[in-house]
Amino acid sequence: RVFAFRDARWAPDPVLAPSAAVRSPQPVPLVIDNGSFQTRAGWGCPDPTVPAEPLLRFRSLAARSRGTRGGAGAETQVGNDLGSPEPLRWLLRSPFDRNVPVQLELQELLLDHVFQRLGVSSQGCVDHPIVLTEAVCNPLYSRQMMSELLFECYQVPKVSYGVDSLYSFYHNRKQKWPCSGLVISSGYQCTHILPVLEGRLDAKNCKRINLGGCQAAVYLQRLLQLKYPGHFAAITLSRMEEILHEHSYIAEDYIEELQKWRCPEYYENNVHKMQLPFSSKLLGSTLTSEEKQEKRQQQLRRLQELNARRREEKLQLDQERLDRLLYVQELLEDGQMDQFHKALVELNMDSAEELQSYINKLSVSVEQTKQKILQSEVNIEVDVVDSKPETPDLDPLGSEQSLEDMESINEFEPLFAEEQPEVEKPVAAVQPVFNLAEYHQLFLGTERIRAPEIVFQPSLIGEDQAGIAETMQYVLERYSKEQQAVLVQNVFLTGGNMMYPGLKARVQKELLEMRPFQSSFQVHLASNPILDGWYGARDWAVEYMNREEGWITRKDYEEKGGEYLKEHCASNVYVPIRLPKQAARAAEAAAPSRTLASGTG
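Residues numbered from 1 in each chain as written. Predicted model: local features only at pLDDT ≥ 70, side-chain atom pairs only at ≥ 80, totals over all residues. Heavy atoms only, no water.

(A) How the structure looks around the overall build of the protein. When helices and strands are counted, the protein shows 19 helices and 20 strands. Split into buried and exposed, the 601 residues of the protein put 41% on the buried side. Relative to all contacts within the protein whose residues are 6 or more apart in sequence, the contacts with residues 24 or more apart total 71%. By element, 52% of the accessible surface of the protein is carried by carbon and sulfur atoms, the whole surface being about 34800 Å². (Helix = DSSP H or I, 4+ residues; strand = E, 2+ residues; numbered from the N terminus. Buried < 20%, exposed > 50% of the residue type's maximum accessible area, 1.4 Å probe, protein only. Contact = heavy atoms within 4.5 Å. Areas by Shrake-Rupley, 256 points an atom, 1.4 Å probe, with all protein chains shown as cover.)

Right under this line is the structure:
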């Protein structure tokens with residue numbers, strides 16, 4: 001149960017050559033799932049030669065470096081071109097606030113990356129229809145800016161907006177469309193409860209919980225950094241996301257599961273140990289005393305060599321300056337006054353006395369440096385002599401040792417020989433006990449269920465919100481009993497944050513507790529919670545490719561504004577902008593006054 005972090009690097013996306021089928025007989029739609037965690041793009045083409053899968057999948061991130069002074073300018077990297085997010089974490093930017101795109105400059109970078117890597121070859125425009133996902137109940141301003149970007153910057157012929165979770169519901173429909181159901185979608189930033197009646201979204205009763213995979217990763221990082229403060233820097237967000245994806249699960253009964261984890265046997269059988277990377281060469285504790293002494297001697301020797309080299313360089317510079325000053329002094333002694341005065345000006349000196357003072361100071365400095373160099377050579381020789389093994393000086397008078405003294409020394413020799421290994425024995429015995437690999441392991445116990453539990457209990461991280469169960473009950477209570485019975489017959493789970501093992505059983509348990517006695521309900525999990533949003537958008541694009549329903553043309557954009565939306569089975573509900581009543585009354589009141597003024601005139 002020891003698992004190593006993969007720390008996988010992202011491979012840059014290649015530039016793909018589009019198939020001829022995407023342009024003939026007419027340009028096919030380009031399907032983009034614009035998610036806050038990941039962007040997925042591909043072609044909505046019925047031709048079997050074109051892959052029915054997203055050809056591009058990359059994180060919705062961009063990083064712009066400042067560039068080097070005097071070198072190349074700022075460089076912008078998008079998605080998989082970043083390689084790894086951790087070294088650039090402080091530079092990463094996302095166009096999303098929660099799940100709504102607000103930074104359209106960064107959104108343009110992501111779209112540029114998509115069009116370039118998919119090989120869109122049209123000059124000056126993108127002549128393919130675009131199917132783009134948006135947030136549930138997307139603000140009109142966000143849609144207006146997105147439409148302006150697509151129609152004004154890329155000159156697209158038409159565009160269609162839809163909700164990714166409704167596209168996933170459309171792709172996984174178990175019966176003929178239209179059908180009803182309760183869609184529970186949990187992504188990177190938000191969780192939504194969406195009631196669908198007769199194939200259309202009931203936007204008035206939609207609810208959002210501002211919790212998702214991002215908050216779970218931050219919470220898990222905080223827990224492990226408090227538990228292992230010695231590995232603070234190694235506990236990164238990327239590794240926490242890897243733990244959530246591969247080692248976490250949802251407890252069917254959270255309190256009961258915590259009681260199980262209190263049992264030592266259950267803990268030993270279910271704990272996951274995550275191995276952090278480490279190197280034994282970087283730790284000095286694994287070196288023996290002789291190796292430490294040798295390393296210290298090498299460092300001292302390098303320091304002495306460095307000082308000697310600096311002294312020699314200083315001596316050489318001072319000697320050159322002294323020779324120059326002595327040459328100028330010789331000009332004075334030879335009577336060459338013109339050259340002497342020119343040399344004084346070059347040296348920035350005023351008189352011969354100042355020249356003599358500098359010569360005296362430099363002479364003293366040169367002599368002192370020579371003495372230091374000689375002294376350092378003597379010290380090096382002394383160190384070499386002292387490094388030899390010393391012999392005990394038993395006879396300070398230099399006379400021959402007596403036979404009795406030799407016998408007494410021989411008697412004590414075995415004692416010294418026994419004491420020496422006894423000092424080294426504890427070192428040799430203690431050293432293997434410390435397991436360096438185990439010290440760099442993260443033990444995942446209750447953390448495996450605590451982090452994903454926040455979508456059911458937001459109070460764990462101090463959020464004053466209701467969890468999935470309470471919000472689901474609140475939404476159901478807004479309908480009649482007959483409509484509730486219809487909705488709970490098709491409870492649909494989708495989104496990347498719904499892939500935890502045990503989540504479907506937990507939702508079934510919560511529904512069993514809130515529904516009437518002996519009432520029936522069904523819970524379905526999407527076949528692919530991550531990619532079904534894109535698959536459903538592709539299914540819709542292929543089916544409605546030659547229809548007008550759901551497509552916003554350039555003429556609609558120019559006449560009705562960028563916030564305009566043509567509704568379809570997987571879209572939001574369009575709510576047009578209405579003028580406030582006060583403004584309308586003011587306009588009506590101003591009309592008679594204008595008429596009266598014109599009659600008077």
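Following the structure, the description resumes.
(B) Representation of the packing of aromatic side chains. Under the defined criterion, the tally for this structure stands at 10 aromatic pairs. Both rings, one in Trp261 and one in Tyr266, keep their centres 5.3 Å apart while their planes meet at 90°; by these two values the pair is edge-to-face. Trp261 gets classed as buried once you look at its relative accessible area, which sits at 6%. Clustering of aromatic rings is evident, with ring pairs tying together Trp261, Tyr266 and Tyr267. One cation-aromatic arrangement involves Arg59 over Tyr188; the distance from NZ or CZ to the ring centre is 5.8 Å. (Phe/Tyr/Trp six-rings, centres within 6.5 Å; stacked < 30°, edge-to-face > 60°. Lys NZ or Arg CZ within 6 Å of the ring centre and 35° of its normal.)

(C) Region of the structure containing the UniProt feature "coiled-coil region" (unreviewed entry) in the protein. Mapped onto this numbering, the UniProt entry gives "coiled-coil region" (unreviewed entry) at residues 289-323. Helix and strand shares over residues 289-323 are 100% and 0% respectively, and the end C-alpha atoms of the span are 51 Å apart. (UniProt positions renumbered as here; feature names shortened; annotations may be inferred.)

(D) How the structure looks around the packing of helix H1 (residues 104-117) against helix H2 (residues 140-153). At a minimum axis distance of 11 Å, the contact between H1 and H2 shows a crossing angle of 50°. Regarding the angle of H1 to H2, the classification is oblique. Here the hand of the crossing between H1 and H2 comes out right-handed. Together, Leu104, Gln107, Glu108 and Leu111 of H1 and Met145, Met146, Leu149, Leu150 and Cys153 of H2 make up the contact between the two elements. Considering only residue class, the contact of H1 with H2 consists of 7 nonpolar, 1 polar and 1 charged. (Axes fitted to C-alpha atoms, helices over the stretch in contact; angles between N-to-C directions. Parallel < 35°, antiparallel > 145°, perpendicular 65-115°, else oblique. Left-handed = near helix turned anticlockwise from the far one by under 90°. Nonpolar A, V, L, I, M, F, W, Y, C, P; charged D, E, K, R; others polar.)

(E) Structural detail: the pattern of salt bridges. If you walk through the whole model with that rule in mind, you get 20 salt bridges. Two residues, Arg239 and Asp7, come together in a salt bridge whose shortest N-O distance is 2.9 Å. Residue Arg239 is found in helix H5 (residues 237-247), and its partner Asp7 is found in the loop between strand S1 (2-4) and strand S2 (30-34); the two are separated by 232 residues along the sequence. The network of salt bridges with shared partners includes Arg6, Glu242 and Glu246. (Salt bridge = Lys/Arg side-chain N within 4 Å of Asp/Glu carboxyl O.)

(F) Structural context of the nonpolar core. One finds Ile184, Leu224 and Val507 to be the most contacted residues of the largest nonpolar core, which totals 45 residues. Of all elements in the fold, only strand S12 (181-186), helix H4 (213-227), H5, strand S17 (441-444), helix H14 (468-476), helix H15 (481-488), strand S18 (491-494) and helix H16 (503-514) reach the threshold of two or more residues within this core. Once residues within four sequence positions are removed from consideration, Leu224 is found in contact with Ile235, Met240, Ile243, Leu442, Leu444 and Glu447. Of all hydrophobic cores here, the second largest spans 37 residues; its members include Leu104, Val120, Leu132 and Tyr154. (Core = buried A, V, L, I, M, F, W, Y, C linked by side-chain atoms within 4.5 Å.)

(G) Up close: helix H9 (residues 337-346). Of all the positions in H9, only Phe340, Ala343 and Leu344 are classed as buried. The buried residues of H9 occupy an angular sector of 100° when the element is viewed end-on, so they sit on one face. Exposed positions of H9 whose direction lies more than 90 degrees from the buried face are Asp338, Lys342, Val345 and Glu346. (Arc of directions from axis to C-beta.)

(H) Representation of the sheet that holds strand S7 (residues 92-93). Pairing is antiparallel across the open sheet formed by 3 strands, whose spatial order is S6-S5-S7. With one partner strand each, in any of the chains shown, strand S6 (76-78) and S7 form the two edges of the open sheet. Sheet topology places strand S5 (residues 62-64) next to S6; 3 bridges connect them, and they run antiparallel. Across the sheet, Ala63 pairs through a bridge with Gln77, a residue of S6. Across the face of the sheet, H1 comes into contact with S5, S6 and S7 while running at roughly 65° to S6. (Pairing = 2+ DSSP bridges.)

(I) Geometry of the pairing of strand S13 (residues 191-197). The element S13 is extensively covered by neighbouring structure, given that 6 of its 7 residues are classed as buried. When S12 meets S13, the two strands line up antiparallel, connected through 6 bridges. Within the sheet, the bridge partner assigned to Val183 lies in S13 and is Leu194. Pairing of S13 with strand S15 (residues 207-209), which is carried by 3 bridges, proceeds in the antiparallel orientation. Each residue of the ladder has a partner; that of Thr191, found in S15, is Ile209. With 2 bridges joining them, S13 and strand S14 (residues 200-201) adopt antiparallel strand pairing. Paired with Val196 across the strands is Leu201, a residue of S14. Following S13, the chain reverses through 2 residues before pairing antiparallel with S14; Glu198 in that reversal takes a positive phi of roughly 55°.

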